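Overview (structure and organization)
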Amino acid sequence: MAVFPLPQLEDNAVLLPSSQTNSTQPQLCDVWRDIQGAHNWNGLLDPMVPNLKAEALRYGNLAQLCYDAFGGKSYSKNYGTCYHSKRDLFNKMGMSESGYQVTKYVYANTNLLNQVFGEKPKDQGVWLGFIAVCTDPNEIRRLGRRDIVIAWRGTQTAEEWIEDLRDILVPTRLSYRCKRTGKNQEHHFAGGVLIERGFLSCYTSTVRHRQGAAGATVNISTRDLVVSEIERLIQVYEKEMDNLSITFTGHSLGAALATLSAYDIKQMLCTKHNFHQIPVTVFAFASPRVGNLAFAKRVEEIGVKVLRFVNKRDVVPKVPGVCMNENVGCLSKLLHWLPWTYFHVGFELPLHNNSPFIQHTHNLAYFHNLELYLHLLDGYVGSKQPFSWSGRDHALVNKSCDLLREKYEIPPKWWQEQNKGLVKGPDGKWTQPSEEE
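What comes next concerns the included structure. Everything quoted here is computed from the prediction, not taken from an experiment.

1. A word on the packing of aromatic side chains
Scanning all chains against the criterion turns up 12 aromatic pairs. On the numbers, 5.7 Å between centres and 90 degrees between planes, the contact of Phe90 with Phe130 is edge-to-face. On the criterion of sequence distance, the pair formed by Phe90 in helix α4 (residues 89-92) and Phe130 in strand β2 (residues 126-134) is long-range, its members being 40 residues apart. Comparing Phe90 with Phe130 shows no difference in burial state: the two are buried. Ring geometry for Phe357 against Phe387: centres 6.1 Å apart, planes inclined by 70 degrees, an arrangement best described as edge-to-face. Remark: Phe387 occurs in the loop between α13 (370-378) and β14 (423-424) and Phe357 occurs in the loop between β13 (347-351) and α13; sequence separation between them is 30 residues. Judged by relative accessible area, which is 0%, Phe357 ranks as buried. We classify Phe387 as buried; its relative accessible area is 1%. An aromatic cluster of at least three residues, connected via ring pairs, comprises Trp41, Tyr59, Phe283 and Phe347. Just above the ring of Tyr105 sits the side chain of Lys86; from NZ or CZ to the centre is 5.8 Å.

2. Quick notes on the side chain of Arg145
Mapped onto the elements of the fold, Arg145 is located in the loop between α6 (137-143) and β3 (146-152). Here the side chain of Arg145 touches Leu143 through a polar contact of 3.3 Å, landing on its backbone oxygen.

3. Quick word on the nonpolar core
Phe130, Trp152, Ile230, Ile246, Phe248 and Phe309 are the most contacted members of the largest nonpolar core, which has 119 residues in total. Per-element accounting of this core gives the leading share, 11 residues, to helix α10 (residues 253-270). When residues no more than four places from it in sequence are discounted, the contact partners of Ile246 are Asp147, Ile148, Ile150, Ile230, Ile234, Ile265, Leu269, Ile278, Pro279, Val280 and Thr281.

4. Overview of the sheet that holds β13
Ordered by their spatial adjacency, 7 strands build an open sheet running β1-β2-β3-β10-β11-β12-β13, and the pairing between neighbours is mixed. In this open sheet, the two strands that pair with only one neighbour each are β1 (100-108) and β13. Taken over all neighbouring pairs, the strand axes of this sheet differ in orientation by 15 degrees on average, direction set aside. Taken together, the 5 bridges between strand β12 (residues 305-311) and β13 define a ladder with parallel strand orientation. In the sheet register, Asn311 faces β13, and the bridge partner there is Leu351. Of the strands in this sheet, β2, β3, β10 (244-251), β11 (280-285) and β12 are in contact with α10, which crosses β10 at around 155 degrees.

5. What to know about the pairing of β11
Looking down a regular strand, the side chains alternate between one sheet face and the other. Burial of β11 is extensive: 6 of the 6 residues sit out of reach of the surface. Where burial is concerned, the two faces of β11 agree: the one with Val280, Val282 and Ala284 and the one with Thr281, Phe283 and Phe285 are both buried. Of the strand pairs in this sheet, β10 and β11 are connected by 6 bridges, and their pairing is parallel. Pairing of His251 across the sheet is with Phe285, part of β11. Direction of pairing for β11 relative to β12: parallel, over a ladder of 5 bridges. Bridged to Val282 within β12 is Val306. Note that the unit made of β11, helix α11 (residues 293-301) and β12 has a crossover that is right-handed.

6. Topic: the side chain of Arg392
Among the structural elements, Arg392 can be located in the loop between α13 and β14. A relative accessible area of 14% means that Arg392 is categorised as buried. A polar atom in the side chain of Arg392 sits 3.0 Å from the side chain of Glu371.

7. A closer look at the packing of α10 against α11
Contact geometry of α10 with α11 gives a least axis separation of 10 Å together with a crossing angle of 55 degrees. In terms of orientation, α10 lies oblique with respect to α11. The two elements α10 and α11 meet at a crossing, and its hand is left-handed. Of the residues in α11, those touching α10 at Thr259, Tyr263 and Gln267 are Phe295, Arg298 and Val299. Partitioning the contact of α10 with α11 into residue classes produces 3 nonpolar, 2 polar and 1 charged.

8. Focus on the pattern of salt bridges
Under the defined criterion, the tally for this structure stands at 17 salt bridges. The residue Asp88 makes a salt bridge to Arg87 at a minimum N-O spacing of 3.7 Å. You can call Asp88 buried: its relative accessible area is 18%. For Arg87, a relative accessible area of 63% puts it in the exposed group.

Thresholds, definitions, all that
Residues numbered from 1 in each chain as written. Predicted model: local features only at pLDDT ≥ 70, side-chain atom pairs only at ≥ 80, totals over all residues. Heavy atoms only, no water. Phe/Tyr/Trp six-rings, centres within 6.5 Å; stacked < 30°, edge-to-face > 60°. Helix = DSSP H or I, 4+ residues; strand = E, 2+ residues; numbered from the N terminus. Buried < 20%, exposed > 50% of the residue type's maximum accessible area, 1.4 Å probe, protein only. Lys NZ or Arg CZ within 6 Å of the ring centre and 35° of its normal. Polar contact = N/O pair within 3.5 Å; in protein donor to acceptor, adjacent residues only side chain to side chain. Core = buried A, V, L, I, M, F, W, Y, C linked by side-chain atoms within 4.5 Å. Contact = heavy atoms within 4.5 Å. Pairing = 2+ DSSP bridges. Axes fitted to C-alpha atoms, helices over the stretch in contact; angles between N-to-C directions. Right-handed = clockwise from strand over helix to strand, strands pointing away. Parallel < 35°, antiparallel > 145°, perpendicular 65-115°, else oblique. Left-handed = near helix turned anticlockwise from the far one by under 90°. Nonpolar A, V, L, I, M, F, W, Y, C, P; charged D, E, K, R; others polar. Salt bridge = Lys/Arg side-chain N within 4 Å of Asp/Glu carboxyl O.

In structure tokens, the structure reads:
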């Protein structure tokens, strides 16, 4: 077993012992609504309170899991799927203590994803993430509520975004069945809400979905799959309505889909009696812009809380809308109706590349890496504070890139699928295993 040297912190980095950082903070169960953004994280971001950092890292790890568990190798017959079953996902990925149970896998099937992942589209679509619910009593007590989480996976590199994000804003056409009237309410053109066409296409794409033990398949959109599962879980836990939360997380494309689906779910909740009070929160990493000014306003009006983590050297959060966006000022508001005028949503927490672990690089794709985001967040104290390493394994930074300084002796891009997925059978022959159920 390889033994990596302990990191040697430099002058501009500080190690804060856990006894100093956690001794005086309140219990999460007492402040969870504030951590979920009930008061727009007022007074919690700069400096960042430990509870919020820990929760953001926890949700970021769930987004990273979506990358690590994805079968993205075209030579595999399980290409485009998750390596593991819903039952085993957390155990196989080293997160058995998460306290969550996966209830549904999320797939999408669009031209966007087929271009990114090659020419082997699957009828059931490409695996994009999962829906899970907290079921462990101890974790529920720690959180102070039962949490439903929706984690979305993104694309792999910034170069893919440059190729993919060449689209325009289009109207949304999302309908919801009102529980009170029994009629469908369609919220398209509401207040001029426009969504980036690629994201909307991905979210509303149709996939072949297997239902029940009999294995019958039906055509269903990604959006309907997500909405129906959230509705089902809310009904199951309806008696816990006062202590129930819905949290979305994702990176890159996944962050955009997390924002769009959170908006959609909150709109749905607003049509149902008493369901509107359920807090809906998004922890978004490296999110591009998703919609126009009307979309940003509507997200705020209906109470979706969005906290965006942005690496200042990452190009993806700057697109689309490079020329016409919220930073342009009055001109962008005057021309908000144009199909290429974008506005970010929610609150932004900028992360600076001030870690002493990281070497200088000109590879812009590395600044988009989610593990780098989580490393920088782990060391974030405040906007004017030096990097303060809190103990997150620095080796994770090099899982899929080459950013750590050589003195730490962590090889670049070390995260690999063992034996390229082949397993040795009882007969001594190596074969590809069938997809887990």
